Amino acid sequence: MEIHGRDFLNAPPVKTVRFGSSLSETLAKYKQGDSGDYELLRHQLADPEIKDAQIINWLQEFRNCVTQLTKDHEQLIYTILRLPWVGRSQAVVEEYMAFLSNLVSAQTMYLCACLKMVVSHFTPKRVTICEGGVDISDSDDEDENLPRNFDQCHQALQLINRFVPSTSRFLMPILQENFPFVQKSSRTLECYVHNLLRVTMYIPLIRRDVLELIVGKMLKLDVCASRADIEEVEENAVQSQRSEGRAEEGLFEMDEDMSADHLSRTAVMAHPVADRLDTLMAVLMAYIKDVCHDNGSLHVERTKDLYRDFLTVFDKLILPTHASCHVQYTLFYLCSFRVALAEAFLDHLWKILQSPSQPAVLRQAAAGYLGSFLARAKFIPVLTVRACLDLLLAWIHCYIDSQDSSGRQVCCDISLHGPFYTACQAVFYTIIFRHRAMLEGNMKKGLEYLQSLNLERVVMCQLNPLKVCLPSVTSMFAAITRKYQVVFCYTIIERNNRHMLPVVRSSAGGDTVTTNTNPLDSFFPFDPYLLKRSGQLIEPLYQVWEELSDSELLPTKTGQQGLREDEDDFLHGEEPKAEGIVGMTPSSFDSNVCSLSSVGSPPIAF
């Protein structure tokens, strides 16, 4: 029986017509073995047409009998938790929240069930759509009431957390268990991740775990969408739209709005996995900005705390993941807020690289991040770049000294010297991208600095880093250093090309295998960002590749190809290979290499 014309906020609802006795009597009968009224009650609560007044009436009775709702009544409680309260009238929502508060306070055994119920509303409700004659169940992306519904869920969760201080300990496994499959729609993933991040605003204890959960899921998407695949799909989409434009225009030229530049700015990615990742990256970057800024100004303490949480997630998940393309840009974006953050990140990478106690595979990854970050982050000043090069070169020279004094035969063995080679490549890569900035203003002082690095000794040492580094990096480094007469690499490059000696490395089975292309499994984590929506935040912070003049190109006599025009990345075509990566341990001589920790960067201070 529906009631009309009542103010639910200011007056209790009148009794509605129903079958059965009062709740207290029903529970007493059920305890004595008479379950008739009890089952009738469950049936009435499960009625999909149940009215607001009926819900409110029942909830008030349940609140009065909450101490009687023991474990024997869990099926009844589960029925109540399935009531469609979200999106109902404000009176229903308030009464339901009051019931939840009373229930978790009096019967903590139902805490997890209540938490699961609230979290289940973090995504749009499921609907069935038909695609190709097949019914597919997914979220209702068009629900205009979603923001209000999500607000109600967070109000409920905050109430539960207020009454049960240990809520955070039980909530995290539930958030993890309810995370949608990464194949779900972008909207479903977006809503869930948005709500997870919103939870951290009022339950900060779980923020690090939430970030770890989100980043882990995003990495799965990232590694499933390789750079080459995204570029191919997006290019095909552009070509397809161009063809459609020409067909519509006939013999006339394509309209300006259908230009390649316009098409490239389309918000939706054609690659489905990249589109989902783009959506989540946009949500996560918006969260980073909101946490770190207060009324447009950087909040230093909050920023430092968030940086520490992200750094923990970076060490645990991002750094060990080979060939991820985009997720690491969360730290890139965060570090752009203040130079001290970027310096702290560089210092952290440096400590990993030069630490013999770290696995070699992580030291090599850290070197890749160091070189790529120095090369691509516009917000890193030249003084910081020079300070990092000083540290890297000091360590490299120290390493060469240790090999020269060991009395052992030095060979090109990546399983022994992997961190050394990746450190050399990081130096070459950084100089390629930042040499112009280092020479601007005062060419003489800039050249004196480059010459002081003693790069000639590095490229001519017995370890022969030019043999192991990516050919594109080697050739570009040789062209730039030749132009400024800093070091001459061509004799060594030509000798390496003539001999084509196999490079030894350890395979997963313990046998030695040979490889000549990308023997370091080189990975530059801050290669060009391909995602369109979130990329708008990265674009102004990012150093694109600037084409060199003809005089700076590598001469053809060396057998190397010149640069391709109109490309951001001169490493085009040298896709890092993920296979064959093994966890290598530091060799025994690392312990004899002189420690440079005392000459590291000064402590970072805000």
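Residues numbered from 1 in each chain as written. Predicted model: local features only at pLDDT ≥ 70, side-chain atom pairs only at ≥ 80, totals over all residues. Heavy atoms only, no water.

Check the secondary structure of the chain and you find 25 helices and 6 strands. For the chain, the proportion of contacts with a sequence separation of at least 24, taken over those separated by at least 6, is 76%. Accessible area for the chain stands at about 28600 Å²; split by element, carbon and sulfur atoms hold 50% of it. (Helix = DSSP H or I, 4+ residues; strand = E, 2+ residues; numbered from the N terminus. Contact = heavy atoms within 4.5 Å. Areas by Shrake-Rupley, 256 points an atom, 1.4 Å probe, with all protein chains shown as cover.)

Time to look at the packing of aromatic side chains. Enumeration according to the criterion identifies 30 aromatic pairs in this entry. An aromatic cluster of at least three residues, connected via ring pairs, comprises Phe314, Tyr329, Phe332, Phe345, Tyr369, Phe373, Phe379, Phe523, Phe526, Tyr529 and Tyr542. Lying over the aromatic face of tyrosine 484, lysine 483 brings its terminal NZ or CZ to 5.7 Å of the ring centre. (Phe/Tyr/Trp six-rings, centres within 6.5 Å; stacked < 30°, edge-to-face > 60°. Lys NZ or Arg CZ within 6 Å of the ring centre and 35° of its normal.)

Summarising burial for helix α6 (residues 111-119): 7 of the 9 residues are buried, a large majority. Among the residues making up α6, those that are buried are Leu111, Ala113, Cys114, Leu115, Met117, Val118 and Val119. Where α6 is buried, its residues contact α4 (74-81), α5 (90-106), α7 (146-163), α8 (167-177) and α9 (186-202). (Buried < 20%, exposed > 50% of the residue type's maximum accessible area, 1.4 Å probe, protein only.)

Relative to the helices and strands, glutamate 95 is located in helix α5. For glutamate 95, the contacting residues outside a window of four places in its chain are Ile56, Leu59, Gln60 and Arg63.

Turning to α8, its buried residues are Thr167, Ser168, Leu171, Met172, Ile174 and Leu175. Against α6, α7, α9 and α10 (207-224) lie the buried residues of α8.

What follows is about unusual backbone geometry. For asparagine 295, which is not glycine, the phi dihedral falls at a positive 55°. Following the sequence through the fold, asparagine 295 ends up in the loop between β3 (293-294) and β4 (297-298). Residue class for asparagine 295 comes out exposed when judged on its relative accessible area of 78%. Even without being a glycine, glutamine 485 presents a positive backbone phi close to 55°.

With 77% of its residues at a pLDDT of at least 70, the chain reaches an overall mean of 82. No element of the chain has a lower mean pLDDT than helix α12 (residues 260-264), at 43, and none a higher one than helix α15 (residues 329-335), at 98. Note on residues 554-566: pLDDT is under 50 here. Beyond four places in sequence and across chains, it has 25 contacts. Every residue in residues 573-606 is under pLDDT 50, and counting partners more than four places away or in other chains gives 71 contacts. (pLDDT = per-residue confidence, 0-100.)

Turning our eyes to something else, we now look at the pattern of salt bridges. Per the counting criterion, the structure on display carries 19 salt bridges. The residue aspartate 401 makes a salt bridge to arginine 457 at a minimum N-O spacing of 2.3 Å. Taken together, the residues span a long stretch of sequence, with aspartate 401 in helix α18 (residues 382-404) and arginine 457 in helix α21 (residues 455-460) at a distance of 56 residues. On the basis of relative accessibility, which here comes to 39%, the residue aspartate 401 falls in the partly exposed class. Close ionic contact of aspartate 404 with arginine 457 constitutes a salt bridge, the shortest N to O distance being 3.7 Å. You can see aspartate 404 sitting in helix α18 and its partner arginine 457 sitting in helix α21, a full 53 residues away along the chain. A cluster of three or more residues bridged by salt bridges with shared partners is formed by Arg207, Arg208 and Asp309. (Salt bridge = Lys/Arg side-chain N within 4 Å of Asp/Glu carboxyl O.)

This next bit is on the side chain of serine 101. You can see serine 101 is positioned in helix α5. A distance of 2.9 Å separates a polar side-chain atom of serine 101 from the backbone oxygen of methionine 97. When sequence neighbours within four positions are dropped, the list of residues in contact with serine 101 reads Leu159 and Phe163. (Polar contact = N/O pair within 3.5 Å; in protein donor to acceptor, adjacent residues only side chain to side chain.)

The next point concerns the packing of helix α16 (residues 339-353) against helix α17 (residues 360-376). One can describe the packing of α16 onto α17 by two numbers: an axis separation of 8 Å at closest approach and a directional angle of 150°. When the axis of α16 is compared with that of α17, the two are roughly antiparallel. Of the two elements, α16 crosses α17, and the hand of that crossing is left-handed. Contact with α16, carried on its side by Ala342, Phe345, Leu346, Leu349, Trp350, Ile352 and Leu353, involves Leu362, Arg363, Ala366, Ala367, Tyr369, Leu370, Phe373 and Leu374 of α17 and no other residues of that element. (Axes fitted to C-alpha atoms, helices over the stretch in contact; angles between N-to-C directions. Parallel < 35°, antiparallel > 145°, perpendicular 65-115°, else oblique. Left-handed = near helix turned anticlockwise from the far one by under 90°.)

Below, the discussion takes up the packing of α9 against α10. Where α9 meets α10, the closest approach of the two axes is 9 Å, and the angle between their N-to-C directions is 165°. It follows from the interaxial angle that α9 and α10 lie roughly antiparallel. In this structure, α9 meets α10 at a crossing whose hand is left-handed. Residues Val193, Leu196, Leu197 and Thr200 of α9 pack against Arg207, Val210, Leu211, Leu213 and Ile214 of α10. Residue classes in the contact of α9 with α10 are distributed as 7 nonpolar, 1 polar and 1 charged. (Nonpolar A, V, L, I, M, F, W, Y, C, P; charged D, E, K, R; others polar.)

Before going further, it helps to spend a moment on the environment of leucine 41. Along the chain, leucine 41 falls in helix α2 (residues 36-45). With 17 residues separating them along the chain, leucine 41 and tryptophan 58 place their C-alpha atoms 9.6 Å apart. Residues within four places of leucine 41 in sequence aside, it is in contact with Leu23, Thr26, Trp58, Phe62 and Leu76.

The subject of this paragraph is the nonpolar core. Counting residues in hydrophobic clusters, the biggest one holds 183 residues, and the most contacted among them are Leu175 and Phe373. Every residue in contact with leucine 175, bar those within four places of it in the chain, is listed here: Val119, Phe122, Tyr192, Leu196, Ile206, Val210 and Leu213. (Core = buried A, V, L, I, M, F, W, Y, C linked by side-chain atoms within 4.5 Å.)

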